[in-house]
Amino acid sequence: MQAAKVSDTPVEFVVEYLLKAKEIAENNANVPAELHDNLQKALDIASGLDGYLERMSSQESEPLAELYRKSISHDWNKVHEDGKTLFRLPVTCITGPVEGQVLKMLVHMSKAKRILEIGMFTGYGALSMAEALPENGQLIACELEPYLKDFAQPIFDKSPHGKKITVKTGPAMDTLKELAATGEQFDMVFIDADKPNYINYYKFLLDHNLLRIDGVICVDNTLFKGRVYLKDSEDDFGKALRDFNQFVTNDPRVEQVIIPLRDGLTIIRRVPYTPQTKTQVKSTVTYDEVFRGVQGKQVLDRLRLDGKVAYVTGAGQGIGRAFAHALGEAGAKVAIIDMDKGKADNVAHELTLKGISSMAVAADISKPEDVQKMIDDIVSKWGTIHIACNNAGINKNSASEDTSLEEWDQTFNVNLRGTFMCCQAAGRVMLKQGYGKIINTASMASLIGYRYTCVHDKDKENGLEI
Ligand SMILES: C[S@@+](CC[C@H](N)C(=O)[O-])C[C@H]1O[C@@H](n2cnc3c(N)ncnc32)[C@H](O)[C@@H]1O
């Protein structure tokens, strides 16, 4: 027999009360049909919500599905009675698929690389977040019960993302102290453990710089079954969360919002210092561009190329292709220039797949008309050029004594004359706008040739052949 479902969220309680009201109404002949009708409509809306959210959210991965099935079918009462856990863990502890998907989205959106989870249970939230971390990302999960680490680890091992998770067992506050002592810092923290300690975890994280500026703390159960706002509720956990919510609301170091998802999920962002929040630091602060960043941007954001137009010659392969990807990843629109239109098209397609605006242009940069046409094509499509990456070059690799003058001319027509023509044509566009960057690449081959000649000559003097 299936256990009766226990209400755990404000919506589930609304459904429970509406069902009771409906039953009372059905047993009372005096209740007007209109009231029945309205009760049913309210019930349909409230009872349909969670299922709909679940069906319309992306499907969880197979390791997550297995973790969920294994967690909800486990006999947690027996585990506790057998002395394997300190506390009786209710199955409602688990972060479900919709909340897991929300956490995963937040990791993607914030581009977090280091995450801290306080209260892991069987690891559903941990694995959801780890799935969104980059390959070198790290998630540290604090969990009181060693039994849960052993429960979760075999499933973490089945996931390609499990290796990003490190579980630290013991009271979370001890782990936080250890992390602070070694100067650790996180981009995102998920607090989902013992409710009365939420406020202590939160204070510790902010007071000890465990959360970076602009970092995010997500906190679960912050509506606590509605008891945080119900006037007559004297529930201890509800009261702890009410105090917690109020403390966060009054804290000038952060901004926050409660999302009414399941039992409430608060998203808190640690805001950068501004004079309005000057209570945070001593008045000796010089609030200038050095402190707040030029244009209010931190240094790595200032290195981004969002909105810039770039081209790369010889971008159909090799290092030119790598330049094109790198400029595009940094935010620029990139024109892929190559003699071989097929290769240029392929690289432009690769960039499009990565969401980068790109165009392919066929041009032989040793021909003045091709150079001018490539510049005109870019300017007519994107209005200007900010970054010229003159990378195209050839090397026929002949020994100096065998190099024909035709080969010499061909090489210098591309490598020097062609590069000059590109600089000139792009430079004219840049001069008009008073801004531009030109990157001309040369080859290590020039140094290798120089060294070879030196060694070769010296060895000849010594009567050696190489
Ligand atoms: C609500 S569950 C966490 C659910 C989990 N985030 C998930 O994704 O399924 C709360 C967990 O916090 C753990 N916990 C409670 N008190 C703790 C403490 N002082 N230190 C560390 N973990 C604690 C419990 O053992 C339990 O596993």
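Residues numbered from 1 in each chain as written. Predicted model: local features only at pLDDT ≥ 70, side-chain atom pairs only at ≥ 80, totals over all residues. Heavy atoms only, no water.

An unreviewed UniProt entry annotates the chain as 2,4-dienoyl-mitochondrial-like isoform X2 originating from Labeo rohita. Regarding the chain, the UniProt comment filed under Sequence similarities (unreviewed entry) reads as follows: "Belongs to the class I-like SAM-binding methyltransferase superfamily. Cation-dependent O-methyltransferase family." (UniProt positions renumbered as here; feature names shortened; annotations may be inferred.)

The immediate surroundings of the ligand are formed by 22 residues, with Thr95, Gly125, Glu143, Ala172 and Asp192 found nearest. For the ligand, an oxygen atom lies 2.8 Å from a polar atom in the side chain of Thr95. The side chain of Glu143 places a nitrogen or oxygen atom 2.6 Å from an oxygen atom of the ligand. Protein contacts shield 92% of the accessible area of the ligand, which totals 600 Å² for the unbound molecule. Along the lines of polarity and charge, the residues of the shell around the ligand split into 13 nonpolar, four polar and five charged. (Near = heavy atom within 4 Å. Polar contact = N/O pair within 3.5 Å; in protein donor to acceptor, adjacent residues only side chain to side chain. Areas by Shrake-Rupley, 256 points an atom, 1.4 Å probe, with all protein chains shown as cover. Nonpolar A, V, L, I, M, F, W, Y, C, P; charged D, E, K, R; others polar.)

Quick look at the domain arrangement of the chain now. Domains assigned within the chain are domain 1 (10-55), domain 2 (62-271) and domain 3 (304-461). The centre of domain 2, based on its C-alpha atoms, is set 49 Å off from the matching centre of domain 3. (Domains from an automatic or database assignment.)

Now for the pairing of strand E8 (residues 309-313). For E8, the buried fraction is high: five of the five residues fall into the buried class. Pairing analysis gives five bridges linking E8 to strand E9 (residues 333-338), with the strands arranged parallel. Its bridge partner lying in E9, Val309 is registered against Lys333. Viewed along the sheet, the connection from E8 through helix H13 (residues 318-329) into E9 turns out right-handed. (Buried < 20%, exposed > 50% of the residue type's maximum accessible area, 1.4 Å probe, protein only. Helix = DSSP H or I, 4+ residues; strand = E, 2+ residues; numbered from the N terminus. Pairing = 2+ DSSP bridges. Right-handed = clockwise from strand over helix to strand, strands pointing away.)

Think of an α-helix as turning once every 3.6 residues; residues three or four places apart then point the same way. For helix H2 (residues 33-55), built from 23 residues, the straight-helix expectation of 33 Å at 1.5 Å per residue is met to within 8% by its first-to-last C-alpha distance of 32 Å. A maximum bend of about 40 degrees is found in H2 at Leu49. Here H2 has its buried residues at Leu39, Leu43, Ala46 and Asp50. (Expected span 1.5 Å × (residues − 1). Bend = angle between axes of the 7 residues up to and from the residue.)

So, on to the sheet that holds strand E11 (residues 387-390). The parallel open sheet is built from five strands, whose spatial order is E10-E9-E8-E11-E12. The sheet is open, and its two edges are formed by strand E10 (358-362) and strand E12 (437-440), each paired on a single side. Going across the sheet, the axis of each strand differs from the next one's by a mean of 15 degrees, ignoring polarity. Direction of pairing for E9 relative to E10: parallel, over a ladder of five bridges. Along E10, the bridge assignment pairs Ile337 with Val361. (Axes fitted to C-alpha atoms, helices over the stretch in contact; angles between N-to-C directions.)

Right, let's talk about the pattern of salt bridges for a bit. When charged atoms on two side chains of opposite charge get close, those side chains can pair. Here the structure, examined in full by the defined rule, presents 24 salt bridges. Close ionic contact of Asp37 with Lys41 constitutes a salt bridge, the shortest N to O distance being 3.5 Å. A residue pair is termed a helical-turn pair when its members lie 3 or 4 positions apart in one helix, as Asp37 and Lys41 do in helix H2 at four residues. Of the charged contacts in the structure, one is a salt bridge between Arg253 and Asp207, with a shortest N-O distance of 2.8 Å. Linking Arg253 in the loop between helix H10 (236-250) and strand E6 (254-259) with Asp207 in helix H9 (residues 198-207), this pair joins segments that are 46 residues apart in sequence. (Salt bridge = Lys/Arg side-chain N within 4 Å of Asp/Glu carboxyl O.)

On to the environment of Ile199, then. Within the secondary structure, Ile199 sits in helix H9. Apart from residues no more than four positions distant in its own chain, Ile199 is found in contact with Asp243, Phe244 and Phe247. (Contact = heavy atoms within 4.5 Å.)

This part is about the pairing of E9. Counting buried residues in E9 gives five out of six residues, a clear majority hidden from the surface. In terms of handedness, the path from E9 via helix H14 (residues 341-353) over to E10 forms a crossover that is right-handed.

Attention now moves to the confidence of the model for the chain. When pLDDT is averaged along the chain, the result is 93; 94% of the residues meet or exceed 70. In this model, residues 462-466 is a region of pLDDT below 50 whose contacts with residues beyond four sequence positions or in other chains number five contacts. (pLDDT = per-residue confidence, 0-100.)

A few words now on unusual backbone geometry. Here Lys111, not a glycine, exhibits a phi torsion of approximately 55 degrees, which is positive. One can find Lys111 in the loop between helix H5 (97-110) and strand E1 (114-118). Relative accessible area serves as the criterion here: at 65%, Lys111 is assigned to the exposed category. Even without being a glycine, Gln295 presents a positive backbone phi close to 55 degrees.

Okay, the packing of H13 against H14 next. Two quantities define a packed helix pair, namely the angle between the helix axes and the distance between the axes. At a minimum axis distance of 10 Å, the contact between H13 and H14 shows a crossing angle of 25 degrees. When the axes of H13 and H14 are compared, the pair comes out roughly parallel. As for how H13 packs across H14, the hand of that crossing is right-handed. Here Arg321, Ala324 and His325 of H13 come into contact with H14, specifically with Val347, Glu350 and Leu351. Grouping the constituent residues of the contact of H13 with H14 by class yields three nonpolar, one polar and two charged. (Parallel < 35°, antiparallel > 145°, perpendicular 65-115°, else oblique. Left-handed = near helix turned anticlockwise from the far one by under 90°.)

Here we come to the packing of aromatic side chains. Summed over all chains, the structure comprises 13 aromatic pairs. Seen in terms of ring centroids, Tyr287 and Phe291 are 6.0 Å apart; in terms of plane orientation they differ by 55 degrees. Their pairing is tilted. Ring centres 4.1 Å apart and planes at 25 degrees place the aromatic pair Trp408 and Phe412 in the stacked group. Here Trp408 pairs with Phe412, and both are found in helix H16 (residues 405-433), just four residues apart, close to one helical turn. Residue class for Trp408 comes out partly exposed when judged on its relative accessible area of 46%. The class of Phe412 is partly exposed, set by a relative accessible area of 32%. Ring-pair connections join several aromatic residues into one group, and the members of that group are Trp76, Phe121, Tyr147 and Phe151. The cationic tip of Lys70 hangs over the ring face of Phe151; the distance from NZ or CZ to the ring centre is 4.5 Å. (Phe/Tyr/Trp six-rings, centres within 6.5 Å; stacked < 30°, edge-to-face > 60°. Lys NZ or Arg CZ within 6 Å of the ring centre and 35° of its normal.)

Taken in spatial order, the seven strands of this open sheet run E3-E2-E1-E4-E5-E7-E6, and their pairing is mixed. Each edge of the open sheet is held by one strand with a lone partner, namely strand E3 (165-169) and E6. Sheet twist, expressed as the mean angle between neighbouring strand axes with direction ignored, is 15 degrees. Of the strands in this sheet, E1, strand E4 (186-191), strand E5 (211-220) and strand E7 (265-270) are in contact with H5, which crosses E4 at around 165 degrees. This element, H10, spans E5, E6 and E7 of the sheet and lies at about 140 degrees to E6.

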